[in-house]
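If you want the building blocks of each chain, they are given just below.
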Amino acid sequence: MSGGNGVLGIFLTAYRPSVTFLTYGPRRMKILLVASEGAPYSKTGGLADVIDGLPRALQALGHEVAVLLPRYHGNTIRSTLVSSVTIALDDRLRFPAIVEGQAIEGVRHLFVDDPEFFDRAGLYGDQNGDYPDNAERFAEFSRAAVECMKRVWLPDIVHCHDWQAALVPVLLRTQYAKDAVVRSLPTVLTIHNLAYQGVFPPTALRRMGLPDSLFTIDAFEFYGKVNLLKAGVVFADYLTTVSRRYAKEIQTAEYGAGLEGVIRNRADRLVGILNGVDYGTWSPEADKLIAENYSVHNLAGKAACKKDLLARLRLPEENLSRPLIGIVSRFVAQKGFDLLAEIAGELMKEDVALAALGTGAPEYEELFRGLAAKYPRRVGAKIGYDNGLAHKIEAGADIFLMPSRFEPCGLNQIYSLRYGTVPVVRATGGLDDTVQKFVTGTRQGTGFRFESYSGAALLDCIRTALKVFRDEQAWRAVQANGMNKDYSWRASASAYVTLYEAARRSRIPRGVGSSN
Ligand code: ADP
Ligand code: GLC
């Protein structure tokens, strides 16, 4: 895989300690992943796929892995491990339980169970927007994570994800700094998306049970507000992002969302590790949700999948011969659909059809509803969340469109490579790292890319793809190039293991286990 070992190679050359630690070589580790969502229990986006695939890959490498999630609506459990953990938030005490669900391929699934906080309609909000008590909810979750480590399962390394778990490294180095059990636990914080930082008014600090003394520029303070991700970035032992390119981008003003300086200060502890794919779930050979399985050796089933997708979206079969552009996305500004809105009229003058699935901002939902109404024979759109349809679009479309303004990793373009659904992407973040430009002459490359964030560049790029589509042999080549790529989790999981070992070494007091 392009993202994993290469980066870590550089990283280890640059940061390998000058001493040799004889007692801390590679060995079986106990690894705890703390995150706010994880498939199959809860999902709003790619984070859930990562919290499903990475732990299983780590377990397969011989480690002992557990995942800690909030227990949301509908999550079934098997047993209660601790019926009440005392969590202090401001002047109130709360008493979540630590419960356990079904282990998945040996990975334990633990939950923080507080129905009042987590048994709600949405994970982070509802139709009125974010829940107003998100700071307290995820402060309780992070505090319960530390208590879970003390009382249920003490790991060798704790790997936290995004702002919702960013408090864990902060707690370990501040309020728990004198706790003999957890104070030296090594921590890794992965930033899946810098657009979400967990920013709250200054009063949130007390509501999370934290002292005002942490409201400083070196901890939570961020332009007069409290920023959870920032504090996590400051206190974690190591930081990762989900592609190499994004690890560089977030150190710039354009992509750093105000945290570029803080991140640059920690650049020596930051590494980009590309997400992997679980091909057991996302491949045309194994997918149980598509009309017919197929592979790079025999693409016949792909035509059946296209037919099925058209029927599902109530589009006529005349589209079977037309290039069908697929979209599966959260509809948020990040994903670049303002560019599509800009060029939709011109695009629809081409001989193309569109299959779109997504939900989010009303203006983008309207965009796709409007296109479906205007071009009922060529545009099918479903507004909503539908995992089955997401798989059908991956398999049934010819082209997969991701014109993102920024994209930390992006999973759908990696899935679509394997399905022979050629990606058209803006060359940013993980899209840049995973899609290589197709060159007709050499028949090398896996997709089509554009650089400048403009409607004209997008339209131009789609037109290039459509031209290649009309050349059947060239199209087979670009499809096969993508289908033959391997982005499975194994290489990325190994890169994380190397990083966990570095984090553990960084926590060993000087002189211990060293040769000098
Ligand atoms: P992000 O995490 O920014 O949303 P990714 O590409 O990393 O982007 O991951 C998106 C994941 O969420 C994929 O598994 C995709 O199939 C899924 N997804 C996004 N929107 C929908 C939807 N409307 N219905 C079903 N699955 C969706
Ligand atoms: C975020 C990013 C996406 C990434 C996913 C999983 O949601 O937007 O690019 O693939 O996290 O890391």
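To be clear, the structure that these remarks concern was listed above.
Residues numbered from 1 in each chain as written. Chains lettered and ligands numbered in written order. Predicted model: local features only at pLDDT ≥ 70, side-chain atom pairs only at ≥ 80, totals over all residues. Heavy atoms only, no water.

## Focus on the overall build of the protein
When helices and strands are counted, the protein shows 19 helices and 22 strands. If one aligns the C-alpha atoms of the protein with their principal axes, the spans along those axes are about 70 × 50 × 45 Å. When the 516 residues of the protein are sorted by exposure, 60% land in the buried category. Within the protein, contacts between residues separated by at least 24 positions form 72% of all contacts whose residues are at least 6 apart in sequence. Counting only carbon and sulfur atoms, one obtains 50% of the accessible surface of the protein, whose full area is about 20,100 Å². (Helix = DSSP H or I, 4+ residues; strand = E, 2+ residues; numbered from the N terminus. Buried < 20%, exposed > 50% of the residue type's maximum accessible area, 1.4 Å probe, protein only. Contact = heavy atoms within 4.5 Å. Areas by Shrake-Rupley, 256 points an atom, 1.4 Å probe, with all protein chains shown as cover.)

## Some words on the site of ligand 1
If you check the shell around ligand 1, you find 22 residues, and the closest are K43, G46, R330, K335 and L411. Measuring from a nitrogen atom of ligand 1, one finds a backbone N or O atom of D386 at 3.0 Å. Alone, ligand 1 offers 560 Å² of accessible surface; in the complex the protein occludes 94% of this. Contributions of two or more residues to the shell around ligand 1 are made by α2 (46–60), β17 (324–331), β18 (353–360), α14 (387–396) and α15 (412–418). Ranked by residue count, the leading element in the shell around ligand 1 is β17, at three residues. A class-by-class count of the residues in the shell around ligand 1 yields seven nonpolar, nine polar and six charged. The residue makeup of the shell around ligand 1 includes at least three contributed by each of domain 1 (23–269) and domain 2 (300–486). (Near = heavy atom within 4 Å. Polar contact = N/O pair within 3.5 Å; in protein donor to acceptor, adjacent residues only side chain to side chain. Nonpolar A, V, L, I, M, F, W, Y, C, P; charged D, E, K, R; others polar. Domains from an automatic or database assignment.)

## A few points about helix α18 (residues 472–483)
Compared with an ideal rise of 1.5 Å per residue, which puts 12 residues at 16 Å, α18 spans 16 Å between its outermost C-alpha atoms and is within 8% of the ideal. Turning to α18, its buried residues are A474, W475, A477, V478, Q479, G482 and M483. Structurally, α18 contributes buried residues whose contacts are with α11 (300–312), β20 (399–402), α15, β21 (422–426), β22 (448–450) and α17 (455–469). (Expected span 1.5 Å × (residues − 1).)

## What about the packing of α17 against α18?
Put simply, α17 and α18 touch, their axes get as near as 7 Å, and they point 115° apart. In terms of axis orientation, α17 runs roughly perpendicular to α18. Contact residues: A465, V468 and F469 in α17; E472, A474 and W475 in α18. Of the residues assigned to the contact of α17 with α18, the class counts are five nonpolar, no polar and one charged. (Axes fitted to C-alpha atoms, helices over the stretch in contact; angles between N-to-C directions. Parallel < 35°, antiparallel > 145°, perpendicular 65-115°, else oblique.)

## Description of the pairing of strand β11 (residues 187–191)
Within β11, five of the five residues are buried, leaving the element largely enclosed by the surrounding structure. Because side chains alternate across β11, one face comprises the buried residues T187, L189 and I191, and the other comprises V188 and T190, equally buried. Both β11 and strand β15 (residues 238–241) contribute to a ladder of four bridges, which runs parallel. From the neighbouring strand, V188 faces β15, where its bridge partner is Y238. (Pairing = 2+ DSSP bridges.)

## Quick look at the site of ligand 2
What surrounds ligand 2 is a group of 14 residues, the closest being H192, N275, E407, C409 and G410. Side-chain polar atom of N275 to an oxygen atom of ligand 2: 2.8 Å apart, as the coordinates give it. Here an oxygen atom of ligand 2 sits 2.8 Å away from a polar atom, N or O, in the main chain of G410. For ligand 2, whose unbound accessible area comes to 310 Å², protein coverage reaches 93%. Broken down by element, the residue count for the shell around ligand 2 peaks at three residues, all from α2.

## Focus: the packing of aromatic side chains
Inspection of the entire model under this criterion finds 18 aromatic pairs. Where Y72 meets F118, the ring centres are 6.0 Å apart and the plane angle is 90°; that geometry is what we call edge-to-face. Highlighted residues: Y72 in the loop between β2 (64–70) and β3 (79–82) and F118 in helix α3 (residues 115–118), separated in sequence by 46 residues. Ring plane angle 65° and centroid distance 6.5 Å describe the contact between F337 and Y364, whose orientation is recorded as edge-to-face. You can see F337 sitting in helix α12 (residues 337–347) and its partner Y364 sitting in helix α13 (residues 362–374), a full 27 residues away along the chain. We classify F337 as buried; its relative accessible area is 1%. (Phe/Tyr/Trp six-rings, centres within 6.5 Å; stacked < 30°, edge-to-face > 60°.)

## Structural notes on the side chain of E365
Along the chain, the position of E365 falls in helix α13. Look at E365 and you get buried, because its relative accessible area is 13%. Those residues in contact with E365 that sit more than four places away from it in its chain are F331, T359, G360 and I383.

## Focus: unusual backbone geometry
In this chain, A39 is followed by P40 through a cis amide linkage whose omega measures 0°. Inspection of the secondary structure assignment puts P40 in the loop between β1 (30–34) and α2. With a phi close to 65°, D162 is a non-glycine residue in the positive phi region. Within the secondary structure layout, D162 lies in helix α5 (residues 162–165). Given the relative accessible area of 11%, D162 is considered buried. Positive phi, normally seen in glycine, also occurs at R314, with a value near 55°. Following the sequence through the fold, R314 ends up in the loop between α11 and β17. Judged by its relative accessible area of 72%, R314 is exposed.

Any link to function would need more than the numbers given here.
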